Amino acid sequence: MNILKKLKKNNKVNSKNLIDDKLEIDGLEERLNLKILLLGSGESGKSTILKQLKLIHKIELKNEEKEEYKNGLKRNALQCMNILTEQLKAHGLEFEMPESKSYSKMLKAIEEVSLNDDEDHFTKEVASAIDFLWTKEPSVKKIWDKRNDFWIMDAAYYYFDNVMRFIDEDFEITEEDYVMSRIMTTGIISTEINVPPLKFTVIDVGGQRNERRKWLHCFDNVSALLYIVNLNGYNSVLFEDNSVNRMQECFDLFKQTANNEIFKNTPIFLLFNKKDLFEEKIRTESINICEAFADYTGSGDLMDSLNFIEKKFKNALNNGDPNRVQVFHIAARFKRDIKTTWDDVVAKLKEINKKELEVILKELKSRNVETYSTAE
């Protein structure tokens, strides 16, 4: 009887040791999971960057996600065309083609109906109406040239140029369609990305004003901030408020976020996005139209403008070392830009955390956890 009791006691001790060992290993592996926040004001390009990261790391779309983005492209085209036609009167413009007025009325009615049910009302007739207004109606092109005066999606031209393809029976969404599709981010989206020996949890939260109250729920245990700036927004307005400059909102939000006490030692990666659109726009309008850059008196060329904006953002830090801000100029629609930037971010975080990583990996190796064999 005494022998049986001793065996049972030993089994309990061994079982407890195994559990404790497993918990310690799990704790060590969890420290290899770095949390990255994607922050920025609405339409900065956060979701586009996340899409590109998924493509780079071969995270495949589910069939229902593909359908969601297909429908999103149609909604984008419809909404953007209705925005253009609604702006005509305010800018003293009228339709010049006889068919245009009836097409415009139909599109507005379709959008209203679509808001009230889940059916697909985007027919070939709808696509043809959008295509006609974009390619044949002169007043639409005139109002397009005034698009900085009102809110419209930066990629509206893409939806119009491809609208007839979206309605094809055999339409399959391409990588470019996926990246260009605009579905407003609501709530908190968490994506796991493995870059052995590390695992990154990338958190994307909505950038519109009514979504920002959710940001606080994500601020704990953050390894890095990726703050996205829409360069193209320096002379355009917010979705939420047509009286507020997009870049001014983005700049003010950066000051508020980066100077939060909780982030005083957190690395910041500042991604100036939509560089391609910005380069085209500054040829005709200086960045000093934005209040935050009103003191700019430079040459107005690309690099001079970018350097000024970069300096403004870095100088917005009230405390800490401005050198902890790493700057990248990108066009998120191009995968190569995100691939290069992401590789640099990963390399920098490995460098920052090198000593801790070496200790963790050495301990895991001593416990025969072979999957975490190197910090390089």
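All figures in this text were calculated on a predicted structure; none of them were measured in a lab.

What counts as what
- Residues numbered from 1 in each chain as written.
- Predicted model: local features only at pLDDT ≥ 70, side-chain atom pairs only at ≥ 80, totals over all residues.
- Heavy atoms only, no water.
- Helix = DSSP H or I, 4+ residues; strand = E, 2+ residues; numbered from the N terminus.
- Expected span 1.5 Å × (residues − 1).
- Buried < 20%, exposed > 50% of the residue type's maximum accessible area, 1.4 Å probe, protein only.
- pLDDT = per-residue confidence, 0-100.
- Contact = heavy atoms within 4.5 Å.
- Pairing = 2+ DSSP bridges.
- Axes fitted to C-alpha atoms, helices over the stretch in contact; angles between N-to-C directions.
- Salt bridge = Lys/Arg side-chain N within 4 Å of Asp/Glu carboxyl O.
- Core = buried A, V, L, I, M, F, W, Y, C linked by side-chain atoms within 4.5 Å.
- Polar contact = N/O pair within 3.5 Å; in protein donor to acceptor, adjacent residues only side chain to side chain.
- Parallel < 35°, antiparallel > 145°, perpendicular 65-115°, else oblique.
- Left-handed = near helix turned anticlockwise from the far one by under 90°.
- Nonpolar A, V, L, I, M, F, W, Y, C, P; charged D, E, K, R; others polar.

### Let's talk about helix H12 (residues 335–352)
- Its 18 residues give H12 an end-to-end C-alpha distance of 26 Å, which sits within 8% of 26 Å, the value for a rise of 1.5 Å per residue.
- Three or more residues of H12 are buried, namely Asp 337, Ile 338, Thr 341, Trp 342, Val 345, Val 346, Leu 349 and Lys 350.

### A look at the confidence of the model for the protein chain
- This prediction gives the protein chain a mean pLDDT of 85; 82% of its residues lie at or above 70.
- Overall, residues 372–376 carries pLDDT values under 50, and its contacts beyond four positions in sequence, including any with other chains, amount to 14 contacts.

### Section: the sheet that holds strand S6 (residues 325–329)
- Across the sheet, which stays open at both edges, the six strands sit in the order S2-S3-S1-S4-S5-S6 with mixed pairing between neighbours. This sheet does not close on itself; its edge strands, each paired only once, are strand S2 (188–195) and S6. Across this sheet, the average inter-strand angle for adjacent strands is 20°, counted without regard to direction.
- Looking at chain direction, strand S4 (residues 224–230) and strand S5 (residues 268–273) are connected through six bridges and run parallel. Note that in S5 the partner of Leu 226 across the bridge is Phe 269.
- Each of S4, S5 and S6 touches helix H11 (residues 302–315); the most contacted strand, S6, lies at about 150° to it.
- Against the sheet, H12 engages strand S1 (33–39), S2, strand S3 (198–205), S4, S5 and S6, with an angle of about 120° to S3.

### Structural notes on the pattern of salt bridges
- Inspection of every chain in the model, using the stated rule, returns 14 salt bridges.
- Across the pair Lys 274 and Asp 154 runs a salt bridge whose closest N-O atoms are separated by 2.6 Å. With a gap of 120 residues between them, Lys 274 in the loop between S5 and helix H10 (275–281) and Asp 154 in the loop between helix H6 (138–144) and helix H7 (156–166) connect regions that are remote in the sequence.
- Residue class for Lys 274 comes out buried when judged on its relative accessible area of 15%.
- The buried category is assigned to Asp 154, whose relative accessible area is 17%.
- For Asp 295, the salt bridge identified is with Lys 312, shortest N-O distance 3.2 Å. Taken together, the residues span a long stretch of sequence, with Asp 295 in the loop between H10 and H11 and Lys 312 in helix H11 at a distance of 17 residues.
- Under the relative-accessibility criterion, Asp 295 is labelled partly exposed at 47%.

### Some points on the nonpolar core
- One finds Met 81, Leu 84, Leu 107, Ile 130 and Tyr 159 to be the most contacted residues of the largest nonpolar core, which totals 42 residues.
- Elements with a minimum of two residues in this core: helix H3 (63–86), helix H4 (100–116), helix H5 (124–136), H6, H7 and helix H8 (175–180).
- If one sorts the elements of this core by residue count, H3 sits on top with eight residues.
- Setting aside residues no more than four positions away along its own chain, Met 81 makes contact with Leu 107, Ile 130, Leu 133, Trp 134, Val 140 and Phe 160.
- Core analysis: the next-biggest nonpolar cluster, separate from the first, contains 35 residues, Ile 203, Val 205, Ile 268 and Ile 282 among them.

### Things to note about the side chain of Asn 230
- Among the structural elements, Asn 230 can be located in strand S4.
- Within the structure, the side chain of Asn 230 is placed 3.0 Å from the backbone nitrogen of Asn 232, a separation counted as a polar contact.
- With residues near it in sequence (within four places) discarded, Asn 230 still touches Glu 43, Ser 44, Asp 154, Arg 246, Met 247, Asn 273 and Lys 274.

### A short note on the packing of H5 against H7
- Two numbers describe how H5 lies on H7: the axes approach to 9 Å, and their chain directions differ by 125°. Between H5 and H7, the angle falls in the class oblique. For the pair H5 and H7, the sense of crossing is left-handed. Here Ala 127, Ser 128, Ile 130, Asp 131 and Trp 134 of H5 lie close against H7, whose contacting residues are Tyr 157, Phe 160, Asp 161, Val 163 and Met 164.
- Residues of the contact of H5 with H7, tallied by class, amount to seven nonpolar, one polar and two charged.

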